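Chain and residue survey
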2 protein chains.
Amino acid sequence: MSRKFNFSAGPAALPEEVLAQARDEMLDWHGTGLSIMEMSHRSDEYVSVAQQAEQDLRDLMAIPNNYKVLFLQGGATSQFSMVPLNLLRGKTSADFINTGVWSKKAIAEAKRYCNVNIAASTEANNFSSAPTQQELTLSSEAAYVHYTPNETIGGVEFDYVPETNGVPLVADMSSNILSRPIDVSKFGLIYAGAQKNIGPAGLTVVIVRDDLLGETLPGTPTMFDYAVHAAADSMNNTPPTFGWYLAGLIFQWLKRQGGVEAISAMNQRKAEKLYAAIDASEFYANPVAIANRSWMNIPFTLADAALDKVFIQEADQAGLLNLQGHRSVGGMRASIYNAVPEAAVDALTEFMAHFEKTRG
Amino acid sequence: MSRKFNFSAGPAALPEEVLAQARDEMLDWHGTGLSIMEMSHRSDEYVSVAQQAEQDLRDLMAIPNNYKVLFLQGGATSQFSMVPLNLLRGKTSADFINTGVWSKKAIAEAKRYCNVNIAASTEANNFSSAPTQQELTLSSEAAYVHYTPNETIGGVEFDYVPETNGVPLVADMSSNILSRPIDVSKFGLIYAGAQKNIGPAGLTVVIVRDDLLGETLPGTPTMFDYAVHAAADSMNNTPPTFGWYLAGLIFQWLKRQGGVEAISAMNQRKAEKLYAAIDASEFYANPVAIANRSWMNIPFTLADAALDKVFIQEADQAGLLNLQGHRSVGGMRASIYNAVPEAAVDALTEFMAHFEKTRG
């Protein structure tokens with residue numbers, strides 16, 4: 001076995017010691033004679049795993065008691081519908097900040113349920129920055145304000161939390177949850193697909209202030225009603241038990257790393273190293289405004305796009321995988337989530353310097 | 001490590017050799033240096049895994065080419081909404097056959113979207129049988145006819161496929177898919193939560209005739225539109241990649257067992273042994289009409305319910321796990337899905353005989 005460095009945008013790298021633990025207990029979880037996957041979600045053993053995962057996430061993010069934590073299915077894409085279906089609550093419009101591909105997807109789906117006001121858009125500068133607080137045109141009539149704190153494809157990350165003057169703030173944190181400390185109390189609802197910083201694909205975490213629950217649009221499928229899941233501790237039906245279990249292992253791993261503060265310092269260091277390598281070179285470039293450069297997803301281009309394929313091939317041979325940019329934008333992208341070790345970034349910057357010298 | 005016999009109704013027993021394979025390749029799938037969980041769903045490697053799983057399922061069930069096979073999230077419970085949202089197609093009513101707990105859940109959700117005609121109900125006999133074809137009152141105006149071929153809690157299984165005279169037939173096969181041969185062409189849509197005969201929880205398989213796609217009720221969430229998933233080969237968004245992979249391993253395992261015909265013979269033998277043990281005793285009883293006794297879920301009671309707890313305890317000590325009946329009905333239930341070996345049934349019947357002799 002030879003593990004490689006994985007820069008995939010998602011599903012993404014997982015901590016090796018978590019994978020090893022899952023492997024070691026795959027056929028016999030804690031002496032029960034069963035795999036965790038073979039257990040009823042209502043068994044005492046499984047419920048304790050599920051509850052511990054929730055508690056660990058609450059600890060890591062300092063989630064206040066008046067927030068529910070839900071472990072759901074369907075990915076962030078399902079949240080694009082669930083959020084308006086649950087949070088309009090008699091209102092007819094919502095404010096959206098448009099900072100790229102994922103914002104636009106959320107907007108397109110919300111438009112099917114309400115009037116969407118674009119509070120700000122950076123499309124004119126090709127989504128190379130986030131708008132400032134002063135650039136936001138917010139409405140006090142909006143049911144909520146939706147934004148994407150980190151755009152996975154564009155590599156644009158907000159350097160502040162928007163102030164919405166009491167209107168519930170909703171964030172798609174799929175690609176930067178748990179990467180740095182945030183103040184949950186500033187949000188009405190946070191959602192995240194698990195397959196970047198939480199665990200395997202097929203699990204979605206929703207953190208929602210409890211006063212926002214209980215009023216859905218007519219015709220909302222029962223499985224799209226947050227209140228139903230909240231009342232059932234996310235076991236209205238069979239949850240994705242293996243993903244929830246693995247998320248729990250990752251939360252424990254994160255605690256062993258020192259929690260979100262500690263991983264945040266490491267993430268900052270990793271990102272700074274990679275941006276420094278890009279900026280020090282005439283050969284590599286990143287288009288994002290300095291203040292909004294993502295710590296998680298770092299797109300970069302080569303001075304000669306004809307070399308893209310060679311770069312990918314030689315990086316692969318060097319054990320640096322999945323550096324191709326998103327199919328919609330091309331170029332390169334290094335996703336350096338929590339589970340990507342600093343050694344991976346060091347190996348990448350070394351490779352980049354070598355490639356520039358030999359091919360640039 | 002000591003593996004035990006697992007009679008859980010779901011999440012349920014998985015084949016030991018499949019778990020061992022998943023364990024062995026957990027940190028390094030086929031020499032890639034990555035876990036299958038860490039791979040982009042759009043990578044060549046993962047797409048080949050996903051496509052092979054679909055092809056193997058098509059082979060196993062002889063699924064005609066004009067049917068789409070979808071790998072979704074949300075469980076059968078999400079299908080309770082998705083079916084009416086997609087299949088009403090301008091009509092205002094659907095026929096439902098009510099044979100127990102799961103039928104009733106499907107009915108309750110469908111009532112939110114259309115008029116539900118109860119084509120037959122066995123509630124009067126406490127759901128201890130399935131209605132005959134002659135007992136069905138079907139309407140030619142119905143958008144579809146929905147039934148539950150196997151009731152997981154009641155242990156009632158249809159011994160025929162209803163004839164609906166051209167009205168699309170919809171089946172919740174969560175607990176008996178792949179347990180015996182069926183003629184897919186008789187169905188408009190088949191759905192199944194994976195966590196009984198397909199794989200881990202968090203994956204839902206839908207098999208749908210392609211002419212039924214493309215017309216949803218207004219307001220249907222995009223993720224609840226079968227046509228969207230069909231057009232994207234179930235990758236409209238990130239699918240539950242590990243569950244899909246594991247389902248593929250199980251389909252290959254099933255092929256190695258000789259396919260559905262072979263497993264069906266084994267399932268029949270397992271069920272007949274257990275029913276024979278129940279029927280030969282004055283101490284154990286199963287309430288279901290002979291013709292409708294499930295091959296997958298076998299509920300039984302003890303002559304003295306005060307002994308239920310002791311039975312469970314001593315069975316546990318004998319390595320026979322999860323025999324307690326569903327919390328809504330009590331008593332015992334042995335779920336003997338494809339992955340439960342015949343040796344488990346032999347051990348159970350021996351234990352039952354011993355328990356009756358010493359405690360009965």
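Basis of the calculations
Residues numbered from 1 in each chain as written. Chains lettered and ligands numbered in written order. Predicted model: local features only at pLDDT ≥ 70, side-chain atom pairs only at ≥ 80, totals over all residues. Heavy atoms only, no water. UniProt positions renumbered as here; feature names shortened; annotations may be inferred. Helix = DSSP H or I, 4+ residues; strand = E, 2+ residues; numbered from the N terminus. Buried < 20%, exposed > 50% of the residue type's maximum accessible area, 1.4 Å probe, protein only. Pairing = 2+ DSSP bridges. Axes fitted to C-alpha atoms, helices over the stretch in contact; angles between N-to-C directions. Contact = heavy atoms within 4.5 Å. Salt bridge = Lys/Arg side-chain N within 4 Å of Asp/Glu carboxyl O. Least-squares fit on C-alpha atoms with pLDDT ≥ 70 in both. Domains from an automatic or database assignment. Buried area = accessible area lost by both parts, 1.4 Å probe. Polar contact = N/O pair within 3.5 Å; in protein donor to acceptor, adjacent residues only side chain to side chain. Phe/Tyr/Trp six-rings, centres within 6.5 Å; stacked < 30°, edge-to-face > 60°. Lys NZ or Arg CZ within 6 Å of the ring centre and 35° of its normal.

Going by what an unreviewed UniProt entry lists, chain A is known as Phosphoserine aminotransferase and is assigned to Neptunomonas concharum. The UniProt entry for chain A carries the following comment under Function (unreviewed entry): "Catalyzes the reversible conversion of 3-phosphohydroxypyruvate to phosphoserine and of 3-hydroxy-2-oxo-4-phosphonooxybutanoate to phosphohydroxythreonine." The record in UniProt for chain A states the following under Subcellular location (unreviewed entry): "Cytoplasm".

Right, let's get into the UniProt feature "domain: Aminotransferase class V" (unreviewed entry) in chain A. UniProt's feature table lists "domain: Aminotransferase class V" (unreviewed entry) at residues 5-348 of chain A, given in the numbering used throughout. Secondary structure across residues 5-348 of chain A divides into 32% helix and 17% strand, with the first and last C-alpha atoms of the span separated by 9 Å.

Residue and element names in this part refer to chain A. Extensive coverage of strand 9 (residues 189-193) is indicated by the burial of five of its five residues. On strand 9, burial covers both faces: Leu189, Tyr191 and Gly193 on one face and Ile190 and Ala192 on the other are all buried. Pairing geometry for strand 8 (residues 169-172) and strand 9, over three bridges, is parallel. Counted as the bridge partner of Ala171 is Ile190 from strand 9. Across five bridges, strand 9 lies against strand 10 (residues 204-209) in antiparallel orientation. Residue pairing for strand 10: Gly193 is matched across the bridge by Thr204.

Time to look at the sheet that holds strand 8 of chain A. All names here are of chain A. The strand order across the open sheet built from seven strands is 2-10-9-8-5-3-4, with neighbouring strands paired in mixed fashion. Only two strands of the sheet have a single partner each, and these edge strands are strand 2 (67-72) and strand 4 (115-121). Put simply, the sheet's adjacent strands are angled 15° from each other on average, direction ignored. As paired elements, strand 3 (residues 93-98) and strand 4 share six bridges and run parallel to each other.

The sites that carry the UniProt feature "binding site: pyridoxal 5'-phosphate" (unreviewed entry) are, in the present numbering, Ala76(A), Thr77(A), Trp102(A), Thr152(A), Asp172(A), Gln195(A), Asn237(A) and Thr238(A). Over a stretch of 163 residues, the named residues are scattered through the fold, their C-alpha atoms separated by up to 30.7 Å. The topology assignment puts Trp102(A) in helix 4 (residues 101-110). Apart from residues lying up to four places away in sequence, Trp102(A) is in contact with Thr77(A), Phe80(A), Thr148(A), Glu151(A), Thr152(A) and Ile153(A). As for its position among the elements, Gln195(A) is in the loop between strand 9 and strand 10. For Gln195(A), the residues in contact, after removing those within four places along its chain, are Gly10(A), Pro11(A), Ala12(A), Pro200(A), Ala201(A), Leu203(A) and Thr238(B).

Let us look at the pattern of salt bridges. Tallying each qualifying case throughout the model produces 32 salt bridges over all chains. Arg58(A) is the salt-bridge partner of Glu54(A), the closest N and O atoms lying 3.0 Å from each other. With Glu54(A) and Arg58(A) both in helix 2 (residues 44-61), this residue pair falls four residues apart, about one helical turn. Here Glu54(A) falls in the partly exposed class, since its relative accessible area comes to 22%. A salt bridge links Lys255(B) to Asp56(B); its shortest N-O distance comes to 2.7 Å. Pair noted here: Lys255(B) is in helix 6 (residues 241-256) and Asp56(B) is in helix 2 (residues 44-61), with a separation of 199 residues, a long-range link. Owing to a relative accessible area of 35%, Lys255(B) belongs among the partly exposed residues under this scheme.

Attention now moves to the relation of the copies chain B and chain A. The relation between the two chain copies is a rotation about an axis coupled with a shift along that axis. For these two chains of identical sequence, chain B goes onto chain A by a turn of 180° and a shift of 0.0 Å along the axis, with RMSD 0.0 Å. Overall, the copies show the geometry of a two-fold rotation axis. Closest to the rotation axis within chain B is the C-alpha of Arg23(B), separated from it by 2.4 Å.

Attention now goes to the domain arrangement of chain A. Residues and elements named next belong to chain A. The domain boundaries assigned to chain A delineate domain 1 (16-256) and domain 2 (258-359). When each unit is reduced to the centre of its C-alpha atoms, the spacing between domain 1 and domain 2 is 27 Å. Tallying the contact residues gives 26 residues for domain 1 and 25 residues for domain 2. Buried area between domain 1 and domain 2, both sides added, is near 2,000 Å², and the carbon and sulfur share of it is 54%. On the surface where domain 1 and domain 2 come into contact, there are zero salt bridges. At the surface where domain 1 touches domain 2, the tally comes to 16 residue pairs in polar contact (both at pLDDT 80 or more). Sorting the residues of the side of domain 1 that touches domain 2 by element identifies strand 6 (150-151), strand 7 (156-157) and helix 6 (241-256) as the ones contributing at least two each.

Quick look at unusual backbone geometry now. All names here are of chain A. Residue Pro11 follows Gly10 across a cis peptide bond; omega there is -15°. The topology assignment puts Pro11 in the loop between strand 1 (5-6) and helix 1 (16-24). For Asn322, which is not a glycine, the phi torsion comes out positive at approximately 65°. Position of Asn322 among the secondary structure elements: in the loop between strand 13 (320-321) and strand 14 (332-335).

Inspection of every chain in the model, using the stated rule, returns 34 aromatic pairs over all chains. Between Phe80(A) and Tyr191(A) the ring centres are 6.3 Å apart and the planes differ by 70°, which places this aromatic pair in the edge-to-face class. Pair noted here: Phe80(A) is in helix 3 (residues 75-87) and Tyr191(A) is in strand 9, with a separation of 111 residues, a long-range link. Under the relative-accessibility criterion, Phe80(A) is labelled buried at 5%. Ring geometry for Tyr284(B) against Phe311(B): centres 6.2 Å apart, planes inclined by 70°, an arrangement best described as edge-to-face. A residue pair is termed long-range when its members are at least 10 positions apart, and Tyr284(B) in strand 11 (residues 284-285) and Phe311(B) in helix 8 (residues 308-317) qualify at 27 residues. Put simply, the rings of Phe283(A), Tyr284(A), Phe300(A), Phe311(A), Phe351(A) and Phe355(A) touch in pairs and so form one group of aromatic residues. One cation-aromatic arrangement involves Lys105(A) over Trp102(A); the distance from NZ or CZ to the ring centre is 4.8 Å. Positioned above the aromatic ring of Trp295(B), the side-chain terminus of Arg180(B) is 3.7 Å from the ring centre.

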